[in-house]
Amino acid sequence: MTAVMGTPMKRKEDPKLLTGEGKFVDDIHVHGELWMGMVRSTMAHAKINAIDTAEAAGMPGVHSVFTGTQLQEMGLWAAPLPCAWPVTEDMLNPPHFPTASEVVHHVGDIVAVVLADSRYRAADAAEMVVVDYEPLPAVASIEDAIAGEKLAHAGLGTNKAFHWPLIPDPDALEAAFANATHVVKGEFVQQRLIPAAMEPRGVLAIPSPAGGDITLYTSTQVPHILKVMLAATTGISESKLRIIAPAVGGGFGAKLNVNPDESLAVTLANKLSRPVRWTETRSEAAFSTHQGRGQKQTMEIAADENGKILGVRAHIDADMGAYMMLITPGVPLLGSFLYTGVYDVPAFGFTCDGYFTNLTPTDAYRGAGRPEASYAIERVMDMLSYEVGVTPEEIRRRNYLAGGGEFENLEVASTLVFDSGNYSPNLDMALDMAKMAELRAEQQRRRDAGDKKQLGIGLCTYVEICGLAPSRALAGLNYGAGGWEAGTVRLLPTGKVEVVSGSTPHGQGHETAWSQIVADKLGIDPADITVLHSDTAISPLGMDTYGSRSLAVGGVAIAMACDKVIDKARLIAAHQLEANPDDLDFEAGRFGVKGSPDKGLLIQEIAFGAFTAHNLPDGMEPNLNEQMIFDPPNFAFPFGTHVAVVEVDEDTGETELIDYIAIDDCGNHVNPLIIEGQVHGGIVQGVAQALYEGAEYDAEGNCKNPSLMDYLVPSPTEVPNIQTGYTYTPSTSNPLGVKGVGEAGTIGSAAAVINAICDALRPHGITDMSMPATPMKVWKAINSADSTANNGGGQ
Amino acid sequence: MIPASFDYVEAENADAAIAALTEHGDEAKLMAGGHSLIPLMKFRLTTPQVVVDIGRINDLSYINDGGDHIAIGALTRHMAVETSDVLKAQAPILAHVASHVGDPSVRHRGTLGGSLAHGDPASDLPAAILALNATLVAKGPNGQREISASDFFTGFLETALASDEMLTEIRVPKVPDAGWSYQKFNRRAQDWAIVGVAAVSNGSTNVAMVNMGHTPLRSAAVEAALAGGASAADAAAVAAEGLTPPEDLNGDAEYRSHLARVLVGRALGEAMS
């Protein structure tokens, strides 16, 4: 059998999804189910004086209506919803229950729940619940929060939730800036993003009347984490909870949480002995599901006369939103270690202040902290290149770790050890594919001709962190769980294979990739391999899917479980063939005796023998069924070079992305087709932040663009053909040499696009452009720069 | 995103629809393709008690040669307008503008009459209808009447149609040799125009704009400038005069006014060349 790992095998998952056979939560219905209709706060910050549910309760099909206070009094919860990442000992974390009872803290906070026999009746009744609010001052932006004149949580006395520093050597940092020839400072805003997965979130909790067990179907990335957290916060025994994530239509971090609706469904189903369900509407999702980003960054870089970096200093003000969700405070810290990028930085300092606002909570969103970091360092590197007077590519070459050459296990300024890298060849490949010299010539031609469509070329040379995570490293960050992953490989009597995956796919293609790994390891046709996942009753052990961790931790666990199977099978083969185990070769699924080509056993034959257990070595357990729990020794650090080419129409301010080149290095490849898909999707999500998306709020904390009519998720027509290429630098953190690629595109693309726009607008003296770079914003920048110049202000 | 409850009436023909409108008055809404009405109902921005479905009245779906004009049934779908050989030859701007509406699934459901009767100031098709100086035929309990396109759009989502009238036909003058242009500025292919400008030049030049006021409109200032002998560039410079453009996240009044000048300049350049 030829190797299937490293080949672009078509995804096993796709026929089902493409023919509409995928079963999502909203497709699953059971007899007697009740729909929840959420009564959500229309005010960002207010005292609840009274709630009148009488009319709603009397409407047709309505089973019951509960206010937040009533739900509290029913004793549904043992503890508030969890935050698993209290980043400092003294972090403020006001209690966050699934429903508000006395005070609402953001638009969308649930104040009452209607239960009705249909979705429509639940929505109609929810609309008839009358809430008497007494408005309180709303902290409607991070600026409001920092100013501190209004408090998001009156009882805390401050909006600042925590201060988190990472300054390995403060004296060295101060000296670096004191001795610098060039100091460049950039101030950037990472606007709030609405994740907008294709499938909205939804839940269905089914109680079993006799045993008290509850099954929760939910559109989640993290069934295992959710089970532990729901048990801890509802008081329902962990062994009575079963969580199933059926087909899940995208997550991007937004389904990595323990949400009010999930807790409400489980506890109400338990209390009422009725199945309870809910599916968020698209507009509701802007309030019922956490958002991404929400940071203000101050980034400074100190360099000598040649542009060699002496130090980097970053400060982040991070918008937590109204409450700490599962990993809200940890998201900016995931990026903290990457503010030095791919560069050799002698001195480094990072600080983060987390602030509460009266807005929808923030939490993980594709890249989670790393796109923000890569944006900040890559924007200031471009600024430094102009300051020093060299090209963006040259300033990067002068500063690459290990001089741009190959390295392994290199400690960087932020105290992490990068597993492997080789940056210059990656950059060279990108510059070649982009035809950089021709682009620069064309740019100059247009500038000389005064063309109305100016060309801009933007580079981003990113590095990111995958393979989350070595459990001991998480302990150092005060994260409340481990980072291991479990995998089981079980040979069935018929010679087929069942693989049980702890990491839980929601579009990544685990069934295909894991089949490829196991096929190569065991010499079995991928079609004979079934991957089981996403059900805590089938796969009891897992840490789930986020942070591009599945392959580098979970895929590796499965590969290692295969090794255990092979080791055991070898002993059985040796016993049955009456040979020394060391005299057996294992190739293409067959153990053969060295020197005796006719003498051998297929692994399927051994599996059957292990099942009958008629002839096993003394004391050996029957069956080939091995589990591996892999805790990686280090993270993995993928890297790459992205080049964005834009045309800016100076008459309208419109930016057209005319070409995009992405050269990514995610170590060894399991399935290049899946990698290609991840790179494309990731790039579009970063382009979306750069050009299109951003949740906008008014001064009272109301979201101005919660619907997809106003919140501009780009479609395929807005995205150019993406040219991809790869370099291959195996990771040293795992035996497969793999790194992870689920977020790389997003981490590389926003900075590349904005660098390109700034490059195009350079002749106007424009040095920065905030995201999203809308046509109106770009036109106004040109207009204002030109009128300043005409008034002599540009001299 | 969940509409309030409503009664549903399917009308077999125009008379049945008009009868339903007469019976229910302001509480009824006609639904053709549904692509404007249903989103408003889902947001509960409109809550009609009765939805009268006219989407299956097939005898109001046609594109016929009417001698000096092309007659288009009000329930003709955008895709039929977009791909009509007759329109491509006789009023090519209308076929072209139809191709800019929404996305293919919208264009297979939405109808020309539905789009016009909705009266959205940002819709594409009113721009073409205005620039072509089309005539709209409305039918009510007392028979039918003709309305000039320039009199049709009366306010934000309001038209000259009475509450018991329905639009039945759109009559487009034949302008096979006219110069024309449609300049639509938007962010995503399927979106409404942030500003859209249509120009038809056939001896004199008609210029219409969308999303530059509370209705789709003819640009009096530009047309007057052109009639007075102004160059295209000078005429474009007055494109925003006297207008109060809407403001939203895509554009404030200053930016929309600027876009109007740029797009009118481009449209005139194309239509008058």
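By convention here, each chain's residues receive numbers from 1 onward along its written sequence. Chains carry letters from A onward and ligands carry numbers from 1 onward, assigned in written order. Given that this is a predicted model, residues contribute local features only at a pLDDT of at least 70 and side-chain atom pairs are listed and counted only at 80 or more, while totals for whole chains, interfaces and linings are drawn from all residues. Derived side-chain values reflect all non-hydrogen atoms in the structure, with water molecules and hydrogen atoms excluded from consideration.

Novice: How should the overall build of chain B be read in this particular structure?
Specialist: Secondary structure counts use DSSP, requiring at least four H or I residues in a row for a helix and at least two E residues in a row for a strand, with both numbered from the N terminus. If you tally the helices and strands in chain B, you get twelve helices and 14 strands. Only C-alpha atoms enter the radius of gyration, while the globule expectation follows 2.2 Å times N to the 0.38, with N the number of residues. Taking 19 Å as the expected radius of gyration for a compact globule of 273 residues, we find that chain B reaches 18 Å, a close match to that expectation. Referenced to the eigenvectors of the C-alpha coordinate spread, the extents of chain B come out at roughly 55 × 45 × 35 Å. In this scheme, a residue with accessible area under 20% of its type's maximum is buried, one over 50% is exposed, and one in between is partly exposed, where area comes from a 1.4 Å probe on protein chains only. Per-residue burial over chain B gives 55% buried out of 273 residues. Two residues form a contact once any of their heavy atoms are found within 4.5 Å. Restricting to contacts in chain B with at least 6 residues of sequence separation, those with at least 24 account for 61%. Here chain B has roughly 11,100 Å² of accessible surface; of this, 48% comes from carbon and sulfur atoms. In chain B, 19 positive and 32 negative side-chain charges are present, and the distance between their average locations comes to 6 Å. Each accessible area value is a Shrake-Rupley result obtained with a 1.4 Å probe; residue values ignore everything except the protein chains displayed when judging cover. We count Lys and Arg on the positive side and Asp and Glu on the negative side, and we leave His and both chain ends out. Charge coordinates come from a single atom per side chain, which is NZ of Lys, CZ of Arg, CG of Asp or CD of Glu.

Novice: What is the right way to look at the pattern of salt bridges in this model?
Specialist: Pairing is possible between side chains that carry opposite charge, provided their charged atoms lie close to one another. All names here are of chain A. Any Lys or Arg side-chain nitrogen located within 4 Å of an Asp or Glu carboxyl oxygen qualifies as a salt bridge. For the coordinates displayed, the defined rule picks out 51 salt bridges over all chains. Ionic pairing is found between Glu442 and Arg445, a salt bridge with its closest N-O pair at 3.0 Å. With Glu442 and Arg445 both in helix α14 (residues 436-449), this residue pair falls three residues apart, about one helical turn. With a relative accessible area of 24%, Glu442 lands in the partly exposed category. Where Glu647 meets Arg446, a salt bridge forms, and the shortest distance between an N and an O atom there is 3.1 Å. One end of the pair, Glu647, is in strand β26 (residues 639-649); the other, Arg446, is in helix α14, and 201 residues separate them in sequence. Owing to a relative accessible area of 15%, Glu647 belongs among the buried residues under this scheme.

Novice: Just to check I follow, could you spell out unusual backbone geometry for this structure?
Specialist: Generally, phi is negative for residues other than glycine and the peptide bonds are trans, each holding for most cases. Residues and elements named next belong to chain A. Here the residue pair Leu468 and Ala469 is connected by a cis peptide bond, since its omega of -5° sits within 30 degrees of zero. Within the fold, Ala469 resides in the loop between β18 (453-463) and α15 (471-476). The omega torsion across Met771 and Pro772 is -10°, close enough to zero to call that bond cis. Positionally, Pro772 belongs in the loop between α20 (744-760) and α21 (775-790). At Ala196, a position not held by glycine, the phi torsion is positive, near 55°. For Ala196, the position within the fold is in the loop between β8 (182-190) and β9 (202-207). We note that Lys435 has phi near 55°; this positive angle belongs to a residue other than glycine. Its place among the elements puts Lys435 in the loop between α13 (423-434) and α14.

Novice: Can you walk me through the nonpolar core in this structure?
Specialist: In a soluble, globular protein the nonpolar side chains are often hidden away together inside. All names here are of chain A. Here, nonpolar core means buried Ala, Val, Leu, Ile, Met, Phe, Trp, Tyr and Cys residues that are tied together by side-chain atoms lying within 4.5 Å of each other. If you look at the biggest cluster of nonpolar residues, it comprises 160 residues, and the most contacted ones within it are Met36, Phe162 and Leu268. For this core, the element with the highest residue contribution is α20, accounting for eleven residues. Residue ranges assigned to each domain were obtained from an automatic or database domain assignment. Lining this core are residues from two domains, each supplying at least three of them: domain 1 (33-136) and domain 2 (295-468 + 634-790). Look past the residues within four positions of Leu268 in its chain and what remains in contact with it is Met36, Phe66, Leu71, Met74, Leu76, Val113, Leu115, Ser273 and Val276. Within the second largest apolar cluster, 46 residues are counted, among which are Val553, Leu601, Leu624 and Met628.

Novice: Can you help me understand the sheet that holds strand β11 (residues 179-185) of chain B in this one?
Specialist: Strand pairing in a sheet is mediated by backbone hydrogen bonds. Such pairs are either parallel or antiparallel. Residue and element names in this part refer to chain B. Spatial strand order, β11-β12-β13-β14: four strands in an open sheet with antiparallel pairing. Strand pairing shows two members of the sheet lacking a second neighbour, β11 and β14 (217-218), which therefore form its edges. When DSSP finds two or more bridges between two strands, those strands count as paired. Sheet topology note: the strand β12 (residues 195-202)/strand β13 (residues 204-210) ladder contains seven bridges and is antiparallel. Note that in β13 the partner of Ala198 across the bridge is Ala208. Convention adopted: a line fitted to C-alpha atoms gives each axis, helices being fitted over their contacting stretch, and angles between N-to-C directions are expressed from 0 to 180 degrees. Packed onto the sheet, helix α10 (residues 220-227) meets β13 and β14 and runs at close to 165° relative to β13.

Novice: In this structure, what is going on with the interface of chain B and chain A? I would like to understand it.
Specialist: For interface size, the figure often reported is the accessible area lost on association. Taken together, the 25 residues of chain B in the interface contact 33 residues of chain A. The largest contributions to the chain B side of the interface with chain A come from B:Arg187, B:Arg188 and B:Leu249, which together make up 31% of the buried area. The interface formed by chain B and chain A holds six salt bridges in total. Residue B:Glu254 pairs with A:Lys780 through a salt bridge whose shortest N-O separation is 2.9 Å. Each polar contact in these results corresponds to two N or O atoms within 3.5 Å; when the atoms are within protein, one needs to be able to donate a hydrogen and the other to accept it, and residues that are neighboring in sequence are counted only if both atoms are side-chain atoms. Summed over the shared surface of chain B and chain A, the result is twelve residue pairs in polar contact (both at pLDDT 80 or more). Sort the elements by how many residues they give to the side of chain B that touches chain A and helix α12 (residues 253-271) of chain B lands first, with six residues. Three residue categories are used. Nonpolar comprises Ala, Val, Leu, Ile, Met, Phe, Trp, Tyr, Cys and Pro, charged comprises Asp, Glu, Lys and Arg, and polar comprises the others, including Gly. Considering only residue class, the side of chain B that touches chain A consists of twelve nonpolar, six polar and seven charged. Accessible area that two parts lose when put together, evaluated with a 1.4 Å probe and summed over both, is termed the buried area.

Novice: For this particular structure, what's the right way to read the pairing of β12(B)?
Specialist: Regular strands place their side chains on alternate faces of the sheet. Extensive coverage of β12(B) is indicated by the burial of seven of its eight residues. Here β12(B) folds back onto β13(B), and the loop between the two strands holds one residue, one of which, B:Gly203, carries a positive phi near 90°.

Novice: What should I look at first to understand the sheet that holds strand β3 (residues 62-67) of chain A in this one?
Specialist: All names here are of chain A. Overall, mixed pairing links the seven strands, which are arranged β3-β5-β1-β12-β9-β10-β11 in an open sheet. What marks the edges here is a single partner per strand, and that holds for β3 and β11 (241-244). Across this sheet, the average inter-strand angle for adjacent strands is 20°, counted without regard to direction. Where strand β1 (residues 34-40) and strand β12 (residues 276-279) come together, two bridges link them in parallel fashion.

Novice: Sorry if this is basic, but what is going on with the domain arrangement of chain B here?
Specialist: Residue and element names in this part refer to chain B. Segmentation of chain B into domains returns domain 1 (7-53), domain 2 (58-173) and domain 3 (179-271). Taking only C-alpha atoms, the centre of domain 2 and the centre of domain 3 are 20 Å apart. Each side of the interface is counted separately: domain 2 has 24 residues, and domain 3 has 21 residues. Both faces considered, domain 2 and domain 3 share a buried interface measuring about 1,900 Å² in area, 66% of it formed by carbon and sulfur atoms. Where domain 2 meets domain 3, there are one salt bridge. Across the salt bridge formed by Lys184 and Asp124, the nearest N and O atoms sit 2.9 Å from each other. Inspection of the region where domain 2 meets domain 3 yields seven residue pairs in polar contact (both at pLDDT 80 or more).

Novice: Looking at this model, I keep getting lost on a negative patch on the surface. Mind explaining?
Specialist: Residues and elements named next belong to chain A. Candidates for patches are residues over 30% relative accessible area with no salt bridge; among them, like charges are joined within 9 Å and nonpolar side chains (Val, Leu, Ile, Met, Phe, Trp, Tyr) within 5 Å. On the surface, Asp582, Asp583, Asp585 and Glu587 cluster together to form a negatively charged patch. Counting through the fold element by element, Asp583 comes out in the loop between α17 (550-577) and β22 (584-587). Asp583 gets classed as partly exposed once you look at its relative accessible area, which sits at 38%.

Novice: Help me out: how do you make sense of α14(A) in this one?
Specialist: Side chains of residues three or four places apart in an α-helix project in the same direction, reflecting 3.6 residues per turn. All names here are of chain A. Along its 14 residues, α14 runs 20 Å from first to last C-alpha, staying within 8% of the 20 Å computed at 1.5 Å per residue. Buried within α14 are the following residues: Met436, Leu439, Gln443 and Arg446. On an axial view of α14, the arc spanned by its buried residues comes to 85°, and they lie on one face. Of the exposed residues in α14, those oriented more than 90 degrees away from the buried face are Ala437, Glu438, Asp448 and Ala449. Positioned one or two residues after α14, Gly450 has a phi angle of 65°, which is positive. In a helix, the anticipated span is given by 1.5 Å times the number of residues less one. This arc describes the spread of directions from the helix axis toward the C-beta atoms.

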